[in-house]
Structure formats: structure tokens, C-alpha cells
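Remarks on the overall topology
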Amino acid sequence: MLNAAPGPAPDATEEDLALRDRAAGVLRENDAGGWTRAAPRLYPHQWSWDSAFIAIGWAHLDTGRALTELEGLFAAQWPTGMVPHIVFRAGPDHPYFPGPEWWDCPNSVGTGAAPGLPAATTGICQPPVHALAVRRIWELTPPAGRPAIRERIRALYPRLVAWHRYLATQRDPEGSGLVTTYHPWEGTDNSPRWDRALARIQAPDPGPYTRLDARELGDPSQRPADWDYDRYLHLVGLLRKYRYDDAQIYRHYPFLIKDVFFSAVLVAANAALLDLADVAGASDGDREQLARWLDRGQAGLAARFDAGSGLCVDYDVRAEQDIRLRTFAGFAPLFARALEDGQHAGQCAGQRDAQLRALDSGDFCGDPRLRWRLLPSTSPAEPAFEPRTYWRGPVWPVISWLLTEALTALGATARAAEMRRDSLAQIAGDGDFAEYYEPFTGKPLGSQCQSWTAAVTLDWLAAPR
Ligand code: 2M8
């Protein structure tokens with residue numbers, strides 16, 4: 001556990017306290033009343049994994065408010081158990097493209113979701129960070145607040161289990177322990193991990209559409225290309241055609257990826273739900289099921305580990321091909337935080353050391369050109385690397401946060417502390433809680449006042465330096 005008490009760390013400096021105030025100010029400013037905009041202008045709605053990180057930030061200010069964030073998100077959960085990637089809550093004054101009409105989920109029959117869908121949503125999902133957030137909320141709840149928070153966690157817990165069940169079954173019909181993703185928007189949009197799979201897709205002209213993102217940022221080079229967007233929209237059209245029915249999608253749809261990063265988050269999240277089992281009064285059946293999913297996930301990641309590179313390898317289900325690229329996702333076994341105990345301990349100990357070596361190698365954090373020794377989203381040694389373009393090179397604080405948590409859990413506490421210090425220095429520098437950072441110059445990029453950046457800042461600041 002990193003931060004056992006709410007509030008700033010006991011050894012916080014004046015600068016830390018000022019940064020904390022600013023981070024809290026971003027969450028308060030983006031608070032839309034029980035839910036938080038992912039960013040004030042670029043992302044005006046409620047995003048799934050953003051909400052989880054945001055709840056971690058809120059937990060340092062008000063654990064009740066933190067839980068409200070997740071309760072609102074899970075109120076939009078689909079009958080299948082899927083937690084949608086966006087809940088469109090902002091209303092017409094806050095335009096976002098593509099909006100609910102592109103997804104047309106209320107007319108989806110395959111899921112049985114419509115017409116009883118509780119909210120306008122998209123029809124895909126994002127990494128399941130939510131259980132990590134609930135665990136943090138519980139850790140930070142002061143004794144006097146525990147009875148009320150416990151009741152609310154008890155009520156939310158079955159929804160979390162249903163969410164994990166959806167991922168472990170509908171998204172893994174092979175029982176491989178690895179989650180199949182359907183769309184680049186299921187986490188790391190224009191990561192080069194998807195390039196080959198997208199290049200195979202013959203996207204017919206999607207017709208005229210107006211992107212708001214590039215206009216909002218004023219610099220299209222920081223965003224996915226139109227080539228990407230044509231394919232993203234084409235894939236949404238296909239998902240609509242298959243009525244968001246997982247069985248149909250699996251049969252006909254062209255973009256199915258065993259995503260090792262997404263799978264790793266599920267492993268860590270299953271462990272978090274097991275940690276919360278007593279608090280939530282989980283049944284024996286749920287506990288056994290969660291332990292099985294955790295074990296299967298760990299085995300699935302171990303099977304995708306490449307000893308030569310020390311990295312974990314995604315798999316393109318349709319093309320039946322490995323996706324061998326040096327990106328942050330290669331550290332999936334670290335992100336899973338489950339390398340030391342359990343059934344696969346022997347196998348995993350070797351992987352842990354290899355991963356730690358790869359992390360600080362010249363391909364990643366050991367590249368001498370880096371402003372800070374922080375993990376870039378794509379290795380600068382990779383031909384696809386672009387230092388300013390979204391998930392193709394920049395450093396993302398939320399990924400750094402998942403990594404510092406993982407390193408701490410795995411006992412690499414000195415490296416975790418260094419990464420936390422560097423991340424805080426990065427955020428405290430230029431800019432205003434940027435979405436992502438140029439790895440060589442440290443320049444803030446993307447949206448400013450990004451909620452999840454402020455949220456992880458609050459969490460980092462609560463840990464002793
Ligand atoms: C980014 O994705 C959205 C689409 O979902 C976009 O580019 O418009 C990604 O970084 C995603 O992971 C994140 O959840 C979202 C909101 O921060 O923005």
C-alpha cells in the first residue's frame with residue numbers, strides 16, 4: 001500500500017502543497033456534479049478508465065465523492081457487464097466527436113442493452129482500473145467514515161465482478177487469460193501496436209465528418225492522423241452492424257487483438273477485488289472465480305513473454321500474428337503486479353528480472369536523450385516512434401502511475417520512488433496538468449487541466465518522498 005492516510009505526505013514541501021492545491025483545483029473545476037469531465041474542452045464527457053484514476057484523486061479529498069464517480073459510471077454498465085468507454089453526460093453545449101449518434105447503441109439489439117440502456121454510451125470499453133480505485137478509496141477512508149463507505153462498496157462490488165466476468169468470458173472466449181480488444185479507442189488510440197491490423201482494413205470513404213480534436217488543440221501533429229480516424233469510424237460502423245454482439249463480432253469483425261496491457265490491468269484488478277472481498281462480503285463462489293481469473297491472466301501473460309527482448313507480446317487474433325513492437329505494453333507482466341507468488345512463481349521471477357532490465361535499458365528509460373527516466377509510450381528506438389504524437393512516443397502520467405504502483409508492489413521501491421519524483425517534476429514544470437509529455441524535452445502536450453493527470457498527482461503527493 002502506498003498511501004495509507006488521506007492528505008499530503010508528512011514530509012511535503014511548500015512546493016508540494018502548492019502543487020496539491022492546484023491538482024485539487026483541476027478536479028474541482030472539472031467536476032460536473034457527481035462526475036468529472038476527463039478534460040474541460042477536449043474530453044467533456046465521462047470516460048471509463050479516466051473515471052477510475054479520477055476517483056483515486058478524489059479519494060485524497062473526499063472518499064464519498066470518489067465513490068460517487070464510480071457509482072455514476074457503473075450506473076451506465078451494460079446488461080452484458082461491459083462498462084462503456086464513454087458515458088455521454090455533458091449535453092449539447094459540450095460538443096465531442098464522434099458523439100452518441102455514431103454509436104447508436106439504443107438500437108443495438110444483440111446485447112439486449114436497448115431500449116433499457118441507462119445512459120447514452122459508446123459500445124466499447126477501456127482497461128479495468130476501477131477495482132484499483134475502489135481499493136484506494138477503502139484504504140483512504142478514515143475510521144469514522146468506514147461503515148457508510150463499506151455499505152456502498154458492498155453495493156458496487158457485484159457490478160465490478162460482473163464487469164470482470166464480461167472481460168474474462170465474452171472478451172476471452174478462448175479462455176487464454178488474455179482480453180481481446182475490439183478498437184484502438186479501447187485505451188491507447190494510435191499506438192503503433194495497431195498499425196498493421198489497421199492497415200489490413202479497407203476502410204471505404206466514411207463520408208464527410210468534422211474532427212473537433214485537432215481544432216481544439218491547434219496542432220494536428222499531436223493527434224491521430226485522418227488515416228487512423230477513417231479506420232476508427234469504419235470499425236464503429238462494423239460494431240454497429242454486428243449490434244455490439246460479442247459472438248457476432250468474434251465471428252466476423254476484422255480487428256481482434258489480444259492486448260497484453262489491458263490483460264495485465266485485469267490481473268491487477270482481480271487481485272484488488274480479492275483484497276476487498278472481506279470488506280464487500282464477497283461470496284466464496286466469487287472469491288474462487290476471481291482467483292481463477294487472476295491465475296489464468298497471469299498464465300496468459302507468462303505465455304506471451306519473449307525472453308529474448310524481455311518484453312510481453314500482443315497478438316493479432318485475425319492475422320494470427322505476434323505484434324512485436326517495443327512499447328510500454330511490453331511491460332505487461334510488471335503492470336500485472338503478480339510476478340512473485342501464485343502458481344507461476346518460478347517462471348515469473350525470471351520474467352520480473354528481465355522486465356526490470358528491459359525497463360532501464362537504452363531502448364526505454366535508459367535512453368540518454370530522455371528528459372527524465374520515465375517510460376515513453378513507444379520506445380525511441382522503434383521506427384514508429386514519434387515524440388509528440390499521442391500514444392506513439394510521449395510519456396503519459398497515468399501509465400507512469402500504474403508503473404510506480406507496480407514497482408512498489410513488486411518490491412522495487414527505490415526505482416518506484418525515483419519515478420514518482422521524476423513524474424512530479426515533469427508535472428510541476430511547464431504546463432498545467434498536461435495529458436502527455438514530450439519525452440526528450442519534457443514539453444507538456446495534448447489537453448491541459450487533464451483530470452487524470454491531476455488525480456495521479458494527488459496520489460503521488462500523498463506518498464512520503
Ligand atoms: C483518448 O481517447 C479519446 C477517445 O476515447 C480521444 O482521443 O478522443 C485516450 O487517451 C483514452 O485512453 C482516454 O481515455 C481519453 C480521455 O482522456 O482520451
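Just so we're clear, the structure is a prediction, and the values are computed from it rather than from any experiment.

Moving on, we come to the overall build of the protein chain. In terms of regular secondary structure, the protein chain is built from 18 helices and ten strands. Computed over C-alpha atoms, the radius of gyration of the protein chain comes to 20 Å, within 12% of the 23 Å expected from 2.2 N^0.38 for 465 residues, which places it in the range of a compact globule. Principal-axis analysis of the C-alpha atoms gives the protein chain an extent of 55 × 50 × 50 Å. In the protein chain, which comprises 465 residues, the share counted as buried stands at 62%. Entry remark: accessible area of the protein chain is about 16,400 Å², with carbon and sulfur atoms responsible for 50%. Computing the positive centroid from 48 side-chain charges and the negative centroid from 58, the protein chain places the two 2 Å apart.

If you walk through the whole model with that rule in mind, you get 34 salt bridges. In this structure, D259 and R193 form a salt bridge, with 2.7 Å as the shortest nitrogen-oxygen distance. Of this pair, D259 sits in the loop between β4 (257-258) and α11 (260-275) while R193 sits in the loop between β3 (180-181) and α7 (195-199), placing them 66 residues apart in sequence. Since its relative accessible area comes to 3%, R193 is described here as buried. Between R326 and D363 there is a salt bridge, with the nearest N and O atoms lying 3.3 Å from each other. On the criterion of sequence distance, the pair formed by R326 in the loop between β8 (321-323) and α14 (332-336) and D363 in the loop between α15 (345-359) and α16 (397-409) is long-range, its members being 37 residues apart. On the basis of relative accessible area, R326 is assigned to the partly exposed category, the value being 26%. Here the salt bridges do not stand alone but share partners, grouping R136, E139, E405 and D459 into one network.

Lining the immediate surroundings of the ligand are 16 residues, of which D50, H85, Y96, G187 and Y390 lie closest. Interatomic distance of 2.6 Å between a side-chain N/O atom of D50 and an oxygen atom of the ligand. Expressed as a share of its isolated accessible area of 410 Å², the protein-covered part of the ligand is 99%. Looking at side-chain class alone, the shell around the ligand contains nine nonpolar, four polar and three charged residues.

All told, the structure shown has 28 aromatic pairs when counted by the stated rule. An angle of 75° between the planes, with centres 5.3 Å apart, marks the rings of Y43 and W47 as edge-to-face. Note on accessibility: Y43 and W47 belong to one class, buried. Each ring, one from W49 and one from F261, has its centre 6.1 Å from the other, and the planes form 65°; the classification is edge-to-face. Of the two residues, W49 sits in helix α2 (residues 48-59) while F261 sits in helix α11, which places them 212 residues apart along the sequence. For W49, a relative accessible area of 1% corresponds to the buried category. On the basis of relative accessibility, which here comes to 1%, the residue F261 falls in the buried class.

Evaluated as defined, the whole model comprises zero disulfides. Cysteine C125 shares no disulfide, and the gap to the nearest cysteine sulfur, in C105, comes to 12 Å. Take C125: its relative accessible area is 0%, and that puts it in the buried class. With no disulfide of its own, C365 lies 17 Å from the sulfur of C312, the closest cysteine sulfur. Exposure remark for C365: the relative accessible area of 1% places this residue in the buried category.

Calculation rules
Residues numbered from 1 in each chain as written. Predicted model: local features only at pLDDT ≥ 70, side-chain atom pairs only at ≥ 80, totals over all residues. Heavy atoms only, no water. Helix = DSSP H or I, 4+ residues; strand = E, 2+ residues; numbered from the N terminus. Rg over C-alpha atoms; globule rule 2.2 N^0.38 Å. Buried < 20%, exposed > 50% of the residue type's maximum accessible area, 1.4 Å probe, protein only. Areas by Shrake-Rupley, 256 points an atom, 1.4 Å probe, with all protein chains shown as cover. Lys, Arg positive; Asp, Glu negative; His and termini not counted. Charge placed at Lys NZ, Arg CZ, Asp CG, Glu CD. Salt bridge = Lys/Arg side-chain N within 4 Å of Asp/Glu carboxyl O. Near = heavy atom within 4 Å. Polar contact = N/O pair within 3.5 Å; in protein donor to acceptor, adjacent residues only side chain to side chain. Nonpolar A, V, L, I, M, F, W, Y, C, P; charged D, E, K, R; others polar. Phe/Tyr/Trp six-rings, centres within 6.5 Å; stacked < 30°, edge-to-face > 60°. Disulfide = S-S within 2.5 Å.

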